[in-house]
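Structure at a glance
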Amino acid sequence: MLSRKEELERKKARLQAMREEKKKKEERRKKEGEDSTVQESKGDLRAETEQLLKDLGISAEEASPKPVRVARAATVDGAQVASSAVSTSSDQESGDGVQPSFSPSPRRGAKLGLSKLSQTNIPPKEQVVYTKQTQTPSESTDKSDEEGDMSLPETPPILKRHHALPHVASVKPAETEADAQLKQEAAPPCELSEEEKEKIVASAEFARFFDRASRVVERALCEDSDIFLDYTGGDKEEGEGEKDTGAKLSLNRTFYDEKWSKHRTVTSMDWSTQFPELLMASYNQNEDAGHEPEGVVLVWNQRFKKTTPEYVFHCQSGVMSATFATFHPNLVIGGTYSGQIVVWDNRLNKRTPVQRSPLSASAHTHPVYCVNVVGSQNAHNLVSVSTDGKFCTWSLDMLSQPQESMELQHKQAKAVAATCMCFPYGDVNNFVVGSEEGAVYTACRHGSKPGVLDMFEGHMSPVTGIDCHVAQGQVDFSYLFLTSSFDWTVKLWSLKENRPLYSFEDNGDYVYDVQWSPTHPALFGTVDGMGKLDLWNLNTDTEVPLASVTIEESTALNHLRWSQSGHQIAAGDDMGKIHVYDVGEHVATPKSDEWSKLVHTLQDLKNNKVDAEEALISTPIR
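Residues numbered from 1 in each chain as written. Predicted model: local features only at pLDDT ≥ 70, side-chain atom pairs only at ≥ 80, totals over all residues. Heavy atoms only, no water.

**Topic: the overall build of the chain**
Basically, it comes down to this: Put simply, DSSP H or I for four residues or longer makes a helix, DSSP E for two residues or longer makes a strand, and each gets a number counted from the N terminus. A contact between two residues is defined here by any heavy atoms of the two lying within 4.5 Å. Throughout, the Shrake-Rupley method with a 1.4 Å probe supplies accessible areas, and for residues the shown protein chains are the sole cover considered.
Scanning the chain from N- to C-terminus turns up eleven helices and 30 strands. Long-range pairs, those at least 24 residues apart, make up 51% of the contacts in the chain with a sequence separation of at least 6. A total of about 40,200 Å² of accessible surface is found on the chain, and carbon and sulfur atoms cover 52% of it.

**Focus: the nonpolar core**
The criterion, for reference: Nonpolar cores are built from buried Ala, Val, Leu, Ile, Met, Phe, Trp, Tyr and Cys residues. Side-chain atoms within 4.5 Å join them into one set. Partly exposed describes any residue whose relative accessible area lies between the buried limit of under 20% and the exposed limit of over 50%, with all areas from a 1.4 Å probe on protein chains only and scaled to the type maximum.
By size, the foremost hydrophobic cluster in this structure holds 19 residues, and its most contacted members are L482, L492, F504, F524, L538 and L602. Counting residues per element, the ones that place at least two in this core are strand 21 (480-485), strand 22 (490-494), strand 23 (502-504), strand 24 (511-516) and helix 11 (594-618). Considering every element that reaches this core, the biggest residue donor is helix 11, with four residues. The residues contacting F524, other than those within four sequence positions of it, are L482, V490, F504, V514, Q515, W516, S517, D534, L535, W536, L538 and W562.

**Digging into the pairing of strand 16 (residues 418-422)**
The line we're drawing: What makes two strands pair is DSSP finding at least two bridges between them.
Within strand 16, five of the five residues are buried, which leaves it mostly tucked inside the rest of the structure. Two elements, strand 16 and strand 17 (residues 430-435), share four bridges in a ladder whose sense is antiparallel. Residue pairing across strands places M421 opposite V433, the latter belonging to strand 17.

**Re the packing of aromatic side chains**
To keep things clear, this is the line we draw: Stacked, tilted and edge-to-face are the three classes assigned to paired rings of Phe, Tyr and Trp, where Trp is represented by its six-membered ring and a pair needs centres within 6.5 Å; plane angles under 30 degrees give stacked, over 60 edge-to-face, the rest tilted. Only when the NZ of Lys or the CZ of Arg is both within 6 Å of the ring centre and within 35 degrees of the ring normal is a charge said to sit over the ring.
Per the stated rule, a full pass over the model turns up 18 aromatic pairs. Consider the rings of F504 and F524, whose centres lie 5.3 Å apart with planes at 65°: the pair is edge-to-face. Here the residue F504 occupies a position in strand 23, and F524 occupies one in strand 25 (residues 523-528), the gap between them amounting to 20 residues. We note that F504, like F524, is buried. Between W516 and F524 the ring centres are 5.7 Å apart and the planes differ by 65°, which places this aromatic pair in the edge-to-face class. Among the aromatic residues, those joined into a ring-pair cluster are Y502, F504, W516, F524 and W536. Looking at K496, its charged tip hangs above the ring of Y479, at a distance of 4.2 Å from the centre. Across from the ring centre of Y256, 5.6 Å away, lies the NZ or CZ of K577, which sits over that ring.

**Points about the confidence of the model for the chain**
The line we're drawing: Scored from 0 to 100, pLDDT reflects the predictor's confidence in each residue.
The predicted model of the chain has a mean per-residue pLDDT of 79, with 75% of residues at 70 or higher. Considering only residues more than four positions removed or in separate chains, one finds that residues 138-152, a stretch of pLDDT under 50, has two contacts. The model gives residues 229-245 a pLDDT under 50, and that stretch makes four contacts with residues more than four places away or in other chains.

**What about the sheet that holds strand 8 (residues 319-324)?**
Spatially, four strands are ordered 8-9-10-11 in an open sheet, and the strand pairing comes out antiparallel. Across the chains shown, the open sheet's two edge strands, defined by having one partner strand only, are strand 8 and strand 11 (355-356). Relative to strand 10 (residues 341-345), strand 9 (residues 331-336) runs antiparallel, the two being bridged by five bridges. From the neighbouring strand, L331 faces strand 10, where its bridge partner is D345.

**Remarks on the side chain of K390**
What counts is decided by this rule: Nitrogen and oxygen atoms within 3.5 Å of one another constitute a polar contact, given that in protein one can donate a hydrogen and the other can accept it, and given that sequence-neighbouring residues count only through two side-chain atoms.
Secondary-structure assignment places K390 in strand 14 (residues 390-394). Among the polar contacts listed, one links the side chain of K390 to the backbone oxygen of A361, at a separation of 2.2 Å. Aside from chain neighbours lying at most four places away, what touches K390 is A361, S362, A363, H364, S384, V385, S405, M406 and E407.

**Thoughts on the sheet that holds strand 13 (residues 380-386)**
In a beta sheet, neighbouring strands pair by backbone hydrogen bonds and run either parallel or antiparallel. Inclusion rule: The axes are straight lines fitted to the C-alpha atoms, using for helices just the contacting stretch, and the angles between their N-to-C directions are given from 0 to 180°.
The four strands lie next to each other as 12-13-14-15, forming an open sheet whose pairing is antiparallel. The sheet terminates laterally at strand 12 (368-375) and strand 15 (404-407), the two strands that pair on one side only. On average, each strand axis in the sheet is inclined to that of its neighbour by 20°, with strand direction left out of account. Where strand 12 and strand 13 come together, seven bridges link them in antiparallel fashion. From the neighbouring strand, V373 faces strand 13, where its bridge partner is L382.

**Focus: unusual backbone geometry**
In this structure, H263 is a non-glycine residue whose phi angle is positive, near 60°. Residue position: H263 is located in the loop between strand 3 (249-255) and strand 4 (266-271). Here W488, not a glycine, exhibits a phi torsion of approximately 70°, which is positive. The class for W488 is partly exposed, based on a relative accessible area of 40%.

**Points about the environment of A471**
Residue placement: A471 occurs in the loop between strand 20 (463-468) and strand 21. Each C-alpha atom of the pair A471 and T519 lies 5.0 Å from the other, and the pair is 48 residues apart in sequence. Apart from residues no more than four positions distant in its own chain, A471 is found in contact with S517, P518, T519, H520, P521 and W595.

**Describing a negative patch on the surface**
Formally: Candidate patch residues must exceed 30% relative accessible area and have no salt bridge, after which like charges are joined if within 9 Å and Val, Leu, Ile, Met, Phe, Trp or Tyr side chains if within 5 Å. The term salt bridge refers to a side-chain nitrogen of Lys or Arg lying within 4 Å of a carboxyl oxygen of Asp or Glu. Only four residue types enter the tally: Lys and Arg on the positive side, Asp and Glu on the negative side, with His and both chain ends excluded. Charge positions are represented by NZ for Lys, CZ for Arg, CG for Asp and CD for Glu.
Together, E194, E195, E196 and E198 give the surface a local cluster of negative charge. Among the secondary structure elements, E194 is positioned in helix 7 (residues 194-202). Residue classification places E194 among the exposed positions, given a relative accessible area of 54%.

Quick look at the structure:
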């Protein structure tokens, strides 16, 4: 502590010496400034006087008195000041012996006075020093003194300065505009009048908010979380877990709305490519409710357990086909029974179409059973076919009239009454069409001969569904396609041959739809009028389906769609219900050799076909 006090005393003495030296410098600077100011004022006065005499016609030399040598001493504050002596220059130059006379100078010296000086004593800034010692009460200090050798030595002053921590003062954070706005918003809201409330409720912004908020609340209310769920499977009975794992088809959930689905038939379905959890379904007229819209489109959300649809759209004609716009995920496109093409937009709080094609002879005049979006992100079109034999190309920006309209005719025969259509994978020009006569046609949109190119005969009744192979792998099977018909059969075709490669005849009723798996090359599904959903694997067996499930309510299944992942399949019935089934992992996931196996399977089917034809020819006619 003594060394600290001595150091402070030395600093105070040094600071006092610096103040005195600074004080002396300021006094010297002040005196020099006063002298220069006096000399400048004298020079200015002399110049003004000479100018005044010149204006009166008197020369400055005549009017100026002869300078004399003056010797005078003045005492200011005890200090003797000697004035400078000068002699007349003209007398020295003349050299005569006249004794110069001395007279007092008219100019007076500058008056010196006393200046008041104030002294300020600034105390040194106190430096707070922290050490890494534990701060303890005085009792503990006394106790440590009593312990003697067990206490730690005091930290030297140099180490205290070395370990000193900076002083951190609490600073109030700056207030931004956002903080000020939050304070304003936190103020208690004022009471609205009835008129203002009605205006807010009727606004479009409130309608959008309420629609979105109600959807979110409904999802939350329908979620049923079991906090006691045992994810290890310990609460299941022995063997139950293995049974679920090995199931080929298991019901996941059913979509049905009492108001919009009741007494309506599911006419088409489609999974969203942008949002895989969304499933769209179209419905035809409810004959028991004449005041309700004839056509309905419902968008279901599989992610949540809510029992109501995510979106509801309707129009004044039954919707026979519908699809999500591939490159516009907010648009839903529908083909109606009246022949119109309609478009809905889920961004608008509107259930009716935002666009619709007119009823004219240049467009469709019969039911539109298939609509599809083909092309790329930058160049795509909407195409549609109808039983009136027309193939139309549309722009989604304008549905006032089709961009192109083509008659589907084969060899100058009557127009093809198209019931279904499909484009091979990666092709936007060539397509296949199923007809009411049971024939299948290949056609093209552009080229030297646009229209119908070839005919495939095999079905004896109208073709209800058609689908081209889409699974990509080691071998390209895009030339294969499947068809279903009212003749209770499903047929496998190749674009390279006019006759079917194989006919699946296991069904006992109308086969309403067929579709390839998007991931497995040899897997496809079918639905029929007996409410049966079948899964076929060509590499496993071609005589009986790999998996089959029948709806218990004895309703007809008339449409099916695979999810993009290939692990779920949805089937719609004629009572307005949609059944979503989970496909077993071992069934939906292809093995690495599935493509090569399918090549051998197709070759075996061709060989068997040839043998059957030869046997038929060699059989004698009786």
